[in-house]
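Structural overview
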Amino acid sequence: MSLGWLALARGTLDRVAERRRDEDWVTAAWAGSYVLVVDERGRVPVRLSERPELAFTSARRAPAGERVLLGVDEDKNAYFAVVAPLPEQEGVEVSDLRRIGALLNDLESSLVTHAVAMAAWHSTHRHCPRCGAPTKTVAAGHVRVCPEDGMEQYPRLDPAVIMLVVDDEDRALLARGASWPERRASVLAGFMEPGESLEQGVMREVREEVGLVVEDVRYLGSQPWPLPQSLMLGFTCRAAGVQELRLEESEIADARWYDREELRAAVLAGELVLPGKVSIARQLLEHWHGGELPGSWGL
Ligand SMILES: [Zn+2]
């Protein structure tokens, strides 16, 4: 069984990749487009009503900055991101993906997820990795090319595995990261290393962080996490038999097993704060729990 709803994996936009190098098409699309300004920290302008909505601007009013063609919706409206400081607009607030990613509609959630990823990439990849020359942007914001040696850079993605570990009694392991506030807890996660499979990455991370040998690694779903450039790949796995937890102290402050009732009670009592709805971590926990857990929509 796979994960159901994922806040940042609800995209319905046609990314029209085949149009990105068609400059006439891109110019015409830009003129009539909805523009989302996103700053280098991934912040975006929103209107806060009953539920937040992105505050788009027109091409005519958009500030100067890197332009990225995001795509075209079902009604053929084009959407662009512009990476620039956010302009002051009346009735408009500044927000970010963590706060609004789960609350936006499907289209806007996918737009902001893509825009934030592209802003992070452009702001940190201005030079050629081979020769250090400043690069220029082509393909409607999707490729950076070196004018000296022609090397092309594409948006970078860091795959990360995130896994719910269960034991033979179907209890779930929750851990607190060494740098997290008291009471915060989540499932384990870590970046993939070159030369390993996803399953090997899951087994290695669990062993490194809490000293457990796991098996039965199963993929459940994925979502982008452009903070700044991760792709979260969600798994479940099982620690067979009775095994001692050995925590990697530089990374994990605390870890323990919970059955469903214990977890629910701990959250309701305020002893435990779980990740927000925007995260795949929470969806892994709710998938195991068999329904919604109490607690936050925010982070
Ligand atoms: Zn170069």
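Computed from a prediction, not measured in an experiment: that's the story for all the values here. (Residues numbered from 1 in each chain as written. Predicted model: local features only at pLDDT ≥ 70, side-chain atom pairs only at ≥ 80, totals over all residues. Heavy atoms only, no water.)

Helices and strands together make up the secondary structure of the protein, namely six helices and 16 strands. For the protein, the C-alpha radius of gyration of 21 Å lies close to 19 Å, the compact-globule estimate for 299 residues. By its C-alpha atoms, the protein is 65 × 50 × 35 Å across when sized along the principal axes. For the protein, the proportion of its 299 residues judged to be buried stands at 50%. Here the contacts in the protein between residues at least 6 apart in sequence split such that 64% fall between residues at least 24 apart. (Helix = DSSP H or I, 4+ residues; strand = E, 2+ residues; numbered from the N terminus. Rg over C-alpha atoms; globule rule 2.2 N^0.38 Å. Buried < 20%, exposed > 50% of the residue type's maximum accessible area, 1.4 Å probe, protein only. Contact = heavy atoms within 4.5 Å.)

Time to look at the sheet that holds strand β6 (residues 78-83). Strand order in the open sheet made by the four strands is β4-β1-β6-β5, with mixed pairing throughout. Two strands lie at the open edges of the sheet, namely β4 (57-58) and β5 (66-72), each paired on one side alone. Lying over the sheet, helix α1 (residues 23-31) contacts β1 (34-38), β5 and β6, oriented at roughly 90° with respect to β6. (Pairing = 2+ DSSP bridges. Axes fitted to C-alpha atoms, helices over the stretch in contact; angles between N-to-C directions.)

Looking at the zinc ion, one finds its protein donor set to be Cys128 (SG), Cys131 (SG), Cys146 (SG), Asp149 (OD) and Asp149 (OD), positioned 2.2 to 2.7 Å from the metal centre. In this structure Cys131 comes out as partly exposed when scored by relative accessible area, which is 42%. For Asp149, a relative accessible area of 31% translates into the label partly exposed. (Donors = N, O, S within 2.8 Å, 3.2 Å for Na, K, Ca; no water.)

So, about the sheet that holds strand β8 (residues 136-138). Sheet strands pair via backbone hydrogen bonds, and the direction of the pair is either parallel or antiparallel. A sheet is described by the order of its strands in space; here three strands give the open sequence β8-β9-β10, paired in antiparallel fashion. Of all strands in the sheet, those with a lone pairing partner are β8 and β10 (152-153), marking the two edges. In this structure, strand β9 (residues 143-145) lies alongside β10, joined through two bridges in antiparallel fashion. In the strand pairing of β10, Val145 is matched with Glu152.

Take the packing of helix α5 (residues 260-268) against helix α6 (residues 280-289) next. Two elements in contact, α5 and α6, have axes whose closest approach is 10 Å; the angle formed by their N-to-C orientations is 130°. On the basis of the axis angle, α5 is oblique to α6. Taken as a pair, α5 and α6 cross one another with a handedness that is left-handed. Within the contact between the two elements, α5 uses Arg260, Leu263 and Arg264 and α6 uses Leu285, Trp288 and His289. Taken together, the residues of the contact of α5 with α6 break down into three nonpolar, one polar and two charged. (Parallel < 35°, antiparallel > 145°, perpendicular 65-115°, else oblique. Left-handed = near helix turned anticlockwise from the far one by under 90°. Nonpolar A, V, L, I, M, F, W, Y, C, P; charged D, E, K, R; others polar.)

Let us look at the pattern of salt bridges. Tallied over the full model, the rule gives 22 salt bridges. Note that Arg144 is salt-bridged to Glu66, the shortest N-O span being 3.2 Å. Taken as a pair, Arg144 in strand β9 and Glu66 in strand β5 lie far apart in primary sequence, 78 residues in all. Here Arg176 ties to Glu182 by a salt bridge, and the two come within 3.6 Å at their closest N and O atoms. Residue class for Arg176 comes out buried when judged on its relative accessible area of 16%. With a relative accessible area of 59%, Glu182 lands in the exposed category. Through salt bridges with shared partners, a single network forms among Glu193, Glu196, Arg204, Glu205 and Glu208. (Salt bridge = Lys/Arg side-chain N within 4 Å of Asp/Glu carboxyl O.)

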